[in-house]
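Structural features, examined
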Amino acid sequence: MLRLALTLALILPMSVAMADVTGKARIIDGDTIHIGKTKIRLHGIDAPEMRQTCRTSKGKEQLCGVLAKQALERLVKGQDVTCKGDTRDRYKRLIAVCYVGPLNINEQMVTDGWAMAYRKYSKDYVRAETFAKSRREGMWRGTFEPPWEWRLRK
């Protein structure tokens, strides 16, 4: 039985097998990182795209996608990131919850207002979004279009 389990673990594709990845993260945008050769999409959140803009409370346009990327960079600060996931998306990115120590960076991006709960795929971070909205954190200080709506228009 053990031999069968070991054989299956070796032949199953990565998309089926559990994949925990730890290492220095390269931040791609507010919801995507790379650790080594592994591309990772942060589970349950959606951050603005790099070219996406939003407005401050005074109406000034700003690049929310860039600000979201910078917020994720500040959370990671060159520390090791551990990502836990077991599925891949259509772009072959690992869908994962990622941590710096005990800090869930997916949740923190939403709590800080630089990403939204991606309800289409998960309700995990709805409370964090409600908190960010009530405190007018990050993008919630002004006006913005949800990233999924922005992508539909582009």
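Conventions used here
- Residues numbered from 1 in each chain as written.
- Predicted model: local features only at pLDDT ≥ 70, side-chain atom pairs only at ≥ 80, totals over all residues.
- Heavy atoms only, no water.
- Helix = DSSP H or I, 4+ residues; strand = E, 2+ residues; numbered from the N terminus.
- Contact = heavy atoms within 4.5 Å.
- Polar contact = N/O pair within 3.5 Å; in protein donor to acceptor, adjacent residues only side chain to side chain.
- Salt bridge = Lys/Arg side-chain N within 4 Å of Asp/Glu carboxyl O.
- Buried < 20%, exposed > 50% of the residue type's maximum accessible area, 1.4 Å probe, protein only.
- Core = buried A, V, L, I, M, F, W, Y, C linked by side-chain atoms within 4.5 Å.
- Disulfide = S-S within 2.5 Å.
- Pairing = 2+ DSSP bridges.

A few points about the environment of Y125
Here Y125 is to be found in the loop between β10 (116–117) and α4 (126–135). Between the C-alpha atoms of Y125 and G44, which are 81 residues apart in sequence, the distance is 6.8 Å. Not counting residues up to four positions away in its chain, the partners in contact with Y125 are H43, G44, I45, V97, N104, N106, E107, V110 and A117.

As for the side chain of H43
Here H43 shows up in the loop between β3 (38–42) and β4 (45–46). Engagement of the side chain of H43 in a polar contact is seen with the side chain of S122, the distance being 3.4 Å. With sequence-adjacent residues up to four places away left out, H43 is seen in contact with I95, A96, V97, N106, S122, D124 and Y125.

Some thoughts on the pattern of salt bridges
Scanning all chains against the criterion turns up eleven salt bridges. The shortest N-O distance in the salt bridge between R41 and D31 comes to 3.5 Å. Here R41, found in strand β3, pairs with D31, found in the loop between β1 (19–29) and β2 (32–35); they are ten residues apart in sequence, far enough to count as distant. For the pair R41 and D31, one class covers both residues: buried. A salt bridge links R119 to E129; its shortest N-O distance comes to 3.0 Å. Remark: E129 occurs in helix α4 and R119 occurs in the loop between β10 and α4; sequence separation between them is ten residues. A relative accessible area of 6% means that E129 is categorised as buried.

A short note on the side chain of D46
Structurally, D46 is set in strand β4. Overall, the relative accessible area of 0% leaves D46 in the buried class. Of note is the side chain of D46, whose polar atom sits 3.3 Å from the side chain of R41. Once residues lying within four places of it in the same chain are set aside, the contact partners of D46 are D31, R41, A115, M116, Y118, P147, W148 and R151.

With respect to the nonpolar core
One finds I33, L72, V81, C98 and M109 to be the most contacted residues of the largest nonpolar core, which totals 37 residues. Per-element accounting of this core gives the leading share, six residues, to helix α2 (residues 64–76). Once residues within four sequence positions are removed from consideration, C98 is found in contact with I33, I40, L42, V81, T82, C83, L103, N104, I105 and N106.

Observations regarding the state of the cysteines
Here the structure, examined in full by the defined rule, presents two disulfides. The side chain of C54 participates in a disulfide bridge whose partner is C64; the two sulfur atoms lie 1.5 Å from each other. Taking the sign of the torsion about the S-S bond as the criterion, the disulfide between C54 and C64, at about 50°, is right-handed. Of the two residues, C54 is situated in strand β5 (residues 53–55) and C64 in helix α2; the sequence distance between them amounts to ten residues. The same class applies to C54 and to C64, which are both buried. Through a disulfide, C83 is tied to C98; the S-S separation comes to 2.1 Å.

With respect to the pairing of β2
Side-chain alternation along β2 places T32 and H34 on one buried face and I33 and I35 on a second face that is also buried. Note: β1 against β2, four bridges, orientation antiparallel. Note that in β2 the partner of A25 across the bridge is I35. In the sheet, β2 pairs with β3 via four bridges, with the strands oriented antiparallel. What sits directly across from I33, in β3, is I40. The antiparallel pairing of β2 with β3 creates a hairpin that spans two residues between the two strands, and G36 there sits at a positive phi of about 60°.

Any functional reading would require information beyond the geometric quantities listed.
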